[in-house]
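Residue strings, one per chain:
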Amino acid sequence: MGPRVLFVCLGNICRSPAAEAVVRAQAEARGLAIRLDSAGTSGWHEGEAPYPPMIAAAARRGYDMTQLRARRFRPEDFANFDLIVVMDHANRQAVDDLRPPNSPTPVRLFMDYAPRVAADEVPDPYYTRDFDGALDLIETAADGLLRALAAQP
Ligand code: 4NP
């Protein structure tokens, strides 16, 4: 069935659902089987659809985010996914704080998959208001992530 990848940000209404939608579209275009979900380290927007300006910016590029709903990251996600991909260092800290003892599931920064881009985090567009800038980073990192997954045995 392919690897299971979970994207994590703070609210699960901007960056991680956008990453989920972009990677899903790119994977389908390449015929790659991959299971995707996203979650937030906060539960502030649990059950909500993504942030409307994020949905709109993604829709202008052909990505449909309307069916996604926010949920909170939980310790069981370490067992339910093969790879956890976070948007910034604070996300990584919050996720690692919930790691069950001896869980081997890797946690990686999304921008690590875009080594030629001089950014190690996806800045939060909820605060920067730069939804297109976030999508530019997400599209580049999505390509690198899928190349890395496709190269794995
Ligand atoms: P996200 O952005 O982590 O990319 O989903 C945020 C969305 C909402 C809030 C913070 C970040 N908030 O404070 O409600």
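In what follows, the accompanying structure is described. Note that the structure is a prediction, hence the values are computed from the model and not measured.

## A look at the environment of alanine 25
Move 1: Residue placement: alanine 25 occurs in helix 1 (residues 15-30).
Move 2: As for alanine 25 and aspartate 132, which are separated by 107 residues in sequence, their C-alpha atoms are 17 Å apart.

## Points about unusual backbone geometry
Move 1: Although it is not a glycine, asparagine 12 adopts a positive phi angle of roughly 60 degrees.
Move 2: When you line up the elements, asparagine 12 lands in the loop between strand 1 (4-9) and helix 1.
Move 3: One non-glycine residue with positive phi stands out, namely asparagine 102, at about 70 degrees.
Move 4: Here asparagine 102 shows up in the loop between helix 4 (89-96) and strand 4 (107-109).
Move 5: Here asparagine 102 falls in the exposed class, since its relative accessible area comes to 78%.

## Focus on helix 2 (residues 52-60)
Move 1: Taken as a whole, helix 2 has its buried residues at Met54, Ile55, Ala57 and Ala58. All buried residues of helix 2 project into a common sector of 165 degrees when viewed along the axis, lining one side. Facing away from the buried surface of helix 2 by more than 90 degrees, the exposed residues are Pro52 and Arg60.
Move 2: Each element contacted by the buried residues of helix 2 is listed here: helix 1, helix 5 (125-128) and helix 6 (131-151).
Move 3: Glycine 62 occupies a position one or two residues after helix 2 and carries a positive phi of about 95 degrees.

## A short note on the nonpolar core
Move 1: Among the nonpolar cores identified, the biggest contains 40 residues, and Phe7, Val23 and Phe110 are the most heavily contacted of them.
Move 2: Put simply, the parts of the chain that give this core at least two residues each are strand 1, helix 1, helix 2, strand 3 (83-86) and helix 6.
Move 3: Sort the elements by how many residues they give to this core and helix 6 lands first, with 10 residues.
Move 4: In this structure phenylalanine 110 touches Phe7, Ala19, Val23, Val85, Val86, Met87, Val122, Ile138, Ala141, Ala142 and Leu145, once residues within four positions along its chain are discounted.
Move 5: Within the second largest apolar cluster, 11 residues are counted, among which are Leu6, Ala39, Phe73 and Ile84.

## Focus on the packing of aromatic side chains
To describe a pair of aromatic rings, one takes the distance between the centres and the angle between the planes.
Move 1: Considering all chains together, one arrives at five aromatic pairs under this definition.
Move 2: Look at tyrosine 51 and phenylalanine 131: their rings are 6.0 Å apart centre to centre, the planes differ by 40 degrees, and that puts the pair in the tilted class. Of this pair, tyrosine 51 sits in the loop between strand 2 (35-40) and helix 2 while phenylalanine 131 sits in helix 6, and the two are 80 residues apart along the sequence.
Move 3: By relative accessible area, which is 8% here, phenylalanine 131 ends up buried.

## What to know about the packing of helix 1 against helix 6
Move 1: Two numbers describe how helix 1 lies on helix 6: the axes approach to 9 Å, and their chain directions differ by 50 degrees. When the interaxial angle is binned, helix 1 and helix 6 end up oblique. Of the two elements, helix 1 crosses helix 6, and the hand of that crossing is right-handed. Touching Arg15, Ala18, Ala19, Val22, Val23, Gln26, Ala27 and Arg30 of helix 1 are Leu135, Ile138, Glu139, Ala142, Asp143, Leu145, Leu146 and Arg147, all from helix 6.
Move 2: Residue classes in the contact of helix 1 with helix 6 are distributed as 10 nonpolar, one polar and five charged.

## Looking at the site of the ligand
Move 1: Contacts to the ligand come from Cys9, Leu10, Gly11, Asn12, Ile13, Cys14, Arg15, Trp44, His45, Asp124, Tyr126 and Tyr127.
Move 2: The side chain of aspartate 124 places a nitrogen or oxygen atom 2.9 Å from an oxygen atom of the ligand.
Move 3: Between the ligand and tyrosine 127 there is a distance of 3.1 Å, counted from an oxygen atom to a side-chain nitrogen or oxygen.
Move 4: Calculation on the ligand without its partners gives an accessible area of 350 Å², and the protein chains cover 93% of this total.
Move 5: Looking at side-chain class alone, the shell around the ligand contains seven nonpolar, three polar and two charged residues.

Conventions we followed
- Residues numbered from 1 in each chain as written.
- Predicted model: local features only at pLDDT ≥ 70, side-chain atom pairs only at ≥ 80, totals over all residues.
- Heavy atoms only, no water.
- Helix = DSSP H or I, 4+ residues; strand = E, 2+ residues; numbered from the N terminus.
- Buried < 20%, exposed > 50% of the residue type's maximum accessible area, 1.4 Å probe, protein only.
- Arc of directions from axis to C-beta.
- Contact = heavy atoms within 4.5 Å.
- Core = buried A, V, L, I, M, F, W, Y, C linked by side-chain atoms within 4.5 Å.
- Phe/Tyr/Trp six-rings, centres within 6.5 Å; stacked < 30°, edge-to-face > 60°.
- Axes fitted to C-alpha atoms, helices over the stretch in contact; angles between N-to-C directions.
- Parallel < 35°, antiparallel > 145°, perpendicular 65-115°, else oblique.
- Left-handed = near helix turned anticlockwise from the far one by under 90°.
- Nonpolar A, V, L, I, M, F, W, Y, C, P; charged D, E, K, R; others polar.
- Near = heavy atom within 4 Å.
- Polar contact = N/O pair within 3.5 Å; in protein donor to acceptor, adjacent residues only side chain to side chain.
- Areas by Shrake-Rupley, 256 points an atom, 1.4 Å probe, with all protein chains shown as cover.

Just distances and angles here, no functional claims.
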